[in-house]
Amino acid sequence: MRLLFIGGMGRSGSTLVERVLNELPGVCGLGEVTHVWHNGVRDNRLCGCGAPFRQCPLWRAVGQRAFGGWDNVDLDRVDALRDAVGRTRHVPALAGRWLPARRRAQLAEYVDLYVRIYAAAAAVTGAALIVDSSKDTALAFGLRRAGDVDLRVLHLVRDPRGVAYSWTRRVRDQETGELVAVPRFPALRCALAWTGHNAAYDLLAWSGHNAASDRPVRRMRYEEFLVDAPGAVGALAGFAGRPVSGADLTFLSGGQVELGVLHSVSGNRMRFDTGRLALRMDDAWRTALSAGARSLIGVLCAPLLLRYGYHRQLPSVPSVFQSDHLPDPQPQKRQKV
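Below you will find a few notes about this structure. From a predicted model like this one, the values you see are computed outputs, not experimental measurements.

Some thoughts on the overall build of the protein chain
When helices and strands are counted, the protein chain shows 14 helices and eleven strands. Relative to its full complement of 337 residues, the protein chain shows a buried share of 53%. Considering only contacts within the protein chain whose residues lie at least 6 apart along the sequence, 77% involve residues at least 24 apart. With the model as given, the accessible surface of the protein chain reaches about 15000 Å², and the carbon-plus-sulfur share is 51%.

Printed below as a string of structure tokens:
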């Protein structure tokens, strides 16, 4: 089973990237699967299709195939495993090649819960590629150790000043219809979080490349995706082992994308939107974010801003993938699904 895991900092555009990928043949996006236990199983919140989680036909079928029904999942055990091996603080240990036997067993049990969901979704939908936009750093490191998953990791990066501004906006809650404030992060906290999350994915690429079980990681700037979405999607599909032709990208044209339903259990609220959507650069942060916040974030994030090429102007025809770790994937003959 092949899995494309999208990692990075929240508010970096992962929901849009996943939604576009979901329109490709043989691809099934599941949203932020790391939140399925609480948002879905426990709280029965809305799926991206508009139905409550337990009434969604897809998620009901996935739960039945993976666990014999969602009621057979011990949520207390899931929380205990997450506390033991699935928190960001465990990343340094997970990045190494050796774990104590007890931790290895806990990690295997924890990761298996997700692998069963991915495998069930692939079986139910017939998809050859599953996409998870969880961005959960510890889960990404854990999945690297799962021998029955052909893992590809997209390290999605967005300018931290744009990320910081996104965390200040008010959005409409799809379930209540009310405008709500997303959690607010001060500039200092956002800069530190952005640096920590992205550095962790750099570490994942480095440690994976040097480990016995090699797992490819690729980096893509969200801004480049918006500049040339068809080129970005084609390159990303090839990286994930699902090469596409121009005929597969007809839903992308004129700077717009035609979106169908995404059965996403969690993620940005645009996961509910369907129909034509304009793909445009959101750089409101350049004027809406205070000069002090822009300067502070720019200074604190400077090393990675340089590493990721944010000191250079975006190219008109971008080189989508930047990687110090692996060569570009070789073209493959397209397969029918």
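A short note on the state of the cysteines
One pass over the full model with this rule turns up zero disulfides. Just so you know, cysteine 49 is unpaired, no disulfide at all, and the nearest cysteine sulfur is the one on cysteine 47, 3.6 Å from it. Taking relative accessible area as the criterion, cysteine 49 reaches 31% and is therefore assigned partly exposed. Cysteine 190 takes part in no disulfide bond, and the closest cysteine sulfur, belonging to cysteine 301, lies 7.5 Å away. Look at cysteine 190 and you get buried, because its relative accessible area is 1%.

Examining a nonpolar patch on the surface
A surface patch of nonpolar side chains, about 340 Å² in accessible area, is lined by Leu188, Leu192, Leu296 and Leu300. For the nonpolar patch, the secondary-structure elements that each account for two or more residues are helix H9 (187-210) and helix H13 (291-300). Take leucine 188: it is sitting in helix H9. On the basis of relative accessible area, leucine 188 is assigned to the partly exposed category, the value being 46%.

What to know about the packing of helix H3 (residues 57-67) against helix H6 (residues 101-125)
Helix-helix packing: each pair is described by the crossing angle between the helix axes and the interaxial distance. Contact geometry for H3 and H6: axes closest at 8 Å, N-to-C directions at 120 degrees. Taken together, the axes of H3 and H6 lie oblique to each other. As H3 runs across H6, the sense of the crossing is right-handed. Packed against H3, whose contacting residues are Leu58, Trp59, Ala61, Val62, Arg65, Ala66 and Phe67, the element H6 presents Leu113, Arg116, Ile117, Ala120, Ala121, Ala123, Val124 and Thr125 at the interface.

Observations concerning the nonpolar core
In this structure, Leu30, Trp37, Trp59, Trp70, Ile117 and Tyr118 are the most contacted members of the largest nonpolar core, which totals 55 residues. For this core, the element with the most residues is H6, which contributes eleven residues. The residues touching tryptophan 70, leaving out its near neighbours within four places in the chain, are Val36, Trp37, Val41, Phe53, Arg54, Trp59, Arg60, Val62, Gly63 and Ile117. Residues Leu16, Leu129, Ala229 and Leu252 belong to the second largest nonpolar core, which totals 30 residues.

Side note on the side chain of arginine 144
For arginine 144, the position within the fold is in the loop between helix H7 (137-143) and strand E4 (150-157). Among the polar contacts listed, one links the side chain of arginine 144 to the backbone oxygen of leucine 94, at a separation of 3.4 Å.

Description of the sheet that holds strand E8 (residues 252-253)
Adjacent strands of a sheet pair through backbone hydrogen bonds, lying either parallel or antiparallel. Taken together, three strands build an open sheet; the order of strands is E8-E9-E10 and the sheet is antiparallel. The open sheet has two edge strands with one neighbour each: E8 and strand E10 (275-278). The pairing of strand E9 (residues 256-259) with E10 spans four bridges and is antiparallel. Opposite glutamine 256, over in E10, you have alanine 278 as the bridge partner.

Considerations on the pattern of salt bridges
Tallied over the entire structure, the rule returns 16 salt bridges. Taking the shortest distance from any N to any O, the salt bridge between arginine 221 and glutamate 224 comes out at 3.3 Å. Note that aspartate 283 and arginine 286 form a salt bridge whose closest N and O atoms lie 3.9 Å from each other. Residue classification places aspartate 283 among the partly exposed residues on the basis of a relative accessible area of 37%.

Thresholds applied
- Here, residues in each chain are numbered from 1, in the same order as that chain's written sequence.
- Confidence filtering applies because this is a predicted model: local features only for residues at pLDDT of at least 70, side-chain atom pairs given and counted only at 80 or more, and all residues used for totals across whole chains, interfaces and linings.
- With hydrogens and water excluded, all non-hydrogen atoms of the structure serve as input to the side-chain values.
- Secondary structure is summarised from DSSP: a helix means a run of H or I of at least four residues, a strand means a run of E of at least two, and numbering begins at the N terminus for each.
- Residue burial is assigned from relative accessible area. The probe radius is 1.4 Å, only protein chains are included, and a residue is buried under 20% of its type maximum, exposed over 50%, and partly exposed in between.
- Any pair of residues with heavy atoms lying within 4.5 Å of one another is described as a contacting pair.
- Calculation of accessible area relied on Shrake-Rupley with a 1.4 Å probe; when residues are assessed, cover is drawn exclusively from the protein chains displayed.
- Two cysteine sulfur atoms form a disulfide, by the criterion used here, when they sit within 2.5 Å.
- Within this analysis, patches are made of residues with over 30% relative accessible area and no salt bridge. Like charges are joined at 9 Å or less; nonpolar side chains (Val, Leu, Ile, Met, Phe, Trp, Tyr) at 5 Å or less.
- The salt bridge definition used is simple: a Lys or Arg side-chain nitrogen within 4 Å of an Asp or Glu carboxyl oxygen.
- Note on method: axes are straight lines fitted to C-alpha atoms, helices fitted across the in-contact stretch only, with angles between N-to-C directions ranging 0 to 180 degrees.
- Roughly parallel here means an angle under 35 degrees, roughly antiparallel means over 145, roughly perpendicular means 65 to 115, and every remaining angle is called oblique.
- By the definition used in this description, the sense in which the near helix is turned from the far one sets the handedness, with an anticlockwise turn below a right angle giving left-handed and a clockwise turn giving right-handed.
- We call a set of buried residues a nonpolar core when its members are Ala, Val, Leu, Ile, Met, Phe, Trp, Tyr or Cys and they connect through side-chain atoms within 4.5 Å of each other.
- Here a polar contact is taken to be a pair of N or O atoms separated by no more than 3.5 Å, where protein atoms must pair a possible hydrogen donor with a possible acceptor and residues adjacent in sequence count only if both atoms sit in side chains.
- By this definition, two strands are paired if DSSP reports at least two bridges between them.

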